[in-house]
Amino acid sequence: LCRRYGLWFRLRKLIIWLLGVYIAIPFLVKLCPAIQAKLVFLNFVRVPYFIDLKRPQDQGLNHTCNYYLQPEEDVTIGVWHTVPTALWKNAQGKDQVWFEDALGSSHPVILYLHGNAGTRGGDHRVELYKVLSSLGYHVVTFDYRGWGDSVGSPSERGMTYDALHVFDWIKARSGDNPVYIWGHSLGTGVATNLVRRLCERETPPDALILESPFTNIREEARSHPFSVASTLIYRYFPGFDWFFLDPITTSGIKFANDENVKYISCSLLILHAEDDPVVPFHLGKKLYNIAAASRSFRDYKVQFVPFHTDLGYRHKYIYRSPELPRILR
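Cut-off values and rules
- Residues numbered from 1 in each chain as written.
- Predicted model: local features only at pLDDT ≥ 70, side-chain atom pairs only at ≥ 80, totals over all residues.
- Heavy atoms only, no water.
- UniProt positions renumbered as here; feature names shortened; annotations may be inferred.
- Helix = DSSP H or I, 4+ residues; strand = E, 2+ residues; numbered from the N terminus.
- Polar contact = N/O pair within 3.5 Å; in protein donor to acceptor, adjacent residues only side chain to side chain.
- Contact = heavy atoms within 4.5 Å.
- Buried < 20%, exposed > 50% of the residue type's maximum accessible area, 1.4 Å probe, protein only.
- Pairing = 2+ DSSP bridges.
- Axes fitted to C-alpha atoms, helices over the stretch in contact; angles between N-to-C directions.
- Parallel < 35°, antiparallel > 145°, perpendicular 65-115°, else oblique.
- Left-handed = near helix turned anticlockwise from the far one by under 90°.
- Core = buried A, V, L, I, M, F, W, Y, C linked by side-chain atoms within 4.5 Å.
- Phe/Tyr/Trp six-rings, centres within 6.5 Å; stacked < 30°, edge-to-face > 60°.
- Lys NZ or Arg CZ within 6 Å of the ring centre and 35° of its normal.

As annotated in an unreviewed UniProt entry, the protein is Lysophosphatidylserine lipase ABHD12 from Baryphthengus martii. In its Sequence similarities (unreviewed entry) section, UniProt records this for the protein: "Belongs to the serine esterase family." The heading Subcellular location (unreviewed entry) in the UniProt record of the protein holds the text "Endoplasmic reticulum membrane".

This is the structure we're talking about:
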């Protein structure tokens, strides 16, 4: 009888402890919005580990130069510039001055804005740089403040300002060559923030490419696998949005692609895989419908290119598509 009572006592203590944790988590998230901000940015997740971002050649990018730019005081960002494959031989052993001057050669430039987690040296990102370089583009990419070896604290405003600084840096060196902006995942939010600002100051890019985009961070957070799992756990917990989604906007994070596209006036290409498990396909399609109906795009081409589930491109493998050269042309 004593053993049975002792077992029941321990079980009851465990149940009470689990119930306490279950109730405490939503309040902790609500009281500490920085938790949700960390989960949005995931800048503390550095994958792959143990790579030297100063040496892009270690990732097979033998025609890439590493720079450091300073968008603001106390903020330094790491930048990679990959020249077109046609310039590969000339690029060997060259210094930063040569690479900067090369932006003025007769090749278009793509400014690539990566998504959350990882660094500019992420595997799928490196593979995309190689594809774009082989197609004749300069590729300039960077880690936002707080990512990789870039110095500073992450924020939506800061990420957008970093992108604006790099864009202006490119334009100061690229002459009349076309400059395109390519955003992936969370980077689409940075991209539309940037392009809206560029259009408002009447210096739009030549085109905007959004790969795996969402409508706004709130809808994406509600659809994210982590959020879906949280919803299942807290299905009957009152005020899910108030506890889990409101803290994101409280942190000043909106990434409102659906609002930004109403103020963008340049050609727009949206790429999205139907089997994307991170940013649901329907959010990309919804964004396209908003953009296509916007008056700001009435003089520009707006195109949505879906990739069938059978291709298995998911969230970050669209670079594998043999159709990509034709699509970009």
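Next comes the rest of the account.
1. Some points on the side chain of Ser212
For Ser212, the position within the fold is in the loop between strand E6 (207-211) and helix H8 (217-223). Only 3.3 Å separates the side chain of Ser212 from the backbone oxygen of His315, close enough to count as a polar contact. Excluding residues that lie within four positions of it along the chain, Ser212 makes contacts with His184, Ser185, Thr188, Leu271, His272, Asp276, Val279 and His315.

2. So, unusual backbone geometry
Residues other than glycine predominantly adopt negative phi, and peptide bonds predominantly adopt the trans conformation. Within the chain, Leu42 stands out as a residue other than glycine whose phi angle is a positive 50 degrees. Among the structural elements, Leu42 can be located in the loop between helix H2 (33-41) and strand E1 (64-72). The phi dihedral of Asp74 is positive, around 70 degrees, even though this residue is not glycine. Mapped onto the elements, Asp74 comes out in the loop between E1 and strand E2 (75-82). With relative accessibility at 60%, the residue Asp74 sits in the exposed group.

3. Observations regarding the sheet that holds strand E8 (residues 302-307)
The eight strands are arranged E1-E2-E4-E3-E5-E6-E7-E8 in an open sheet whose pairing can be described as mixed. Unpaired on one side and paired on the other, E1 and E8 mark the two borders of the sheet. With direction set aside, neighbouring strand axes in the sheet form an average angle of 20 degrees. Sheet analysis places strand E3 (residues 109-113) next to strand E4 (residues 138-142), joined by four bridges and oriented parallel. The partner of Ile110 across the bridge, within E4, is Val139.

4. Some remarks on the packing of helix H6 (residues 156-171) against helix H7 (residues 186-200)
The packing of two helices is summarised by the inter-axis angle and the distance between the axes. In the contact formed by H6 and H7, the axes pass within 9 Å of each other and the chain directions differ by 60 degrees. Between H6 and H7, the angle falls in the class oblique. Here H6 and H7 pass one another in a crossing that is right-handed. Counted together, Glu156, Met159, Thr160, Tyr161, Ala163, Leu164 and Phe167 of H6 and Leu186, Val190, Asn193, Leu194, Arg197 and Leu198 of H7 form the full contact between these two elements.

5. Concerning the nonpolar core
By size, the foremost hydrophobic cluster in this structure holds 57 residues, and its most contacted members are Phe41, Leu111, Leu113, Phe142, Ile181, Leu208 and Phe255. Once residues within four sequence positions are removed from consideration, Leu208 is found in contact with Ile181, Ala191, Thr192, Val195, Ile264, Cys266, Ser267, Leu268 and Leu269. In this structure, Ile110, Val126, Leu128 and Leu132 belong to the second largest nonpolar core, which totals 25 residues.

6. Quick look at the packing of aromatic side chains
According to the stated counting rule, one finds 13 aromatic pairs in the structure shown. A centroid spacing of 5.6 Å and a plane angle of 75 degrees characterise the contact between Phe41 and Trp147, whose relative ring orientation is edge-to-face. Taken together, the residues span a long stretch of sequence, with Phe41 in helix H2 and Trp147 in the loop between E4 and H6 at a distance of 106 residues. Here the aromatic rings of Trp98 and Phe99 are separated by 5.1 Å at their centres, their planes lie at 80 degrees, and the arrangement is edge-to-face. An aromatic cluster of three or more residues is present, and its members are Phe41, Phe142, Tyr144 and Trp147. It is Arg196 that lies over the ring of Tyr263; its NZ or CZ is 3.9 Å from the centre. Directly above the ring of Tyr317 sits Arg320, whose terminal nitrogen or CZ lies 4.1 Å from the centroid.

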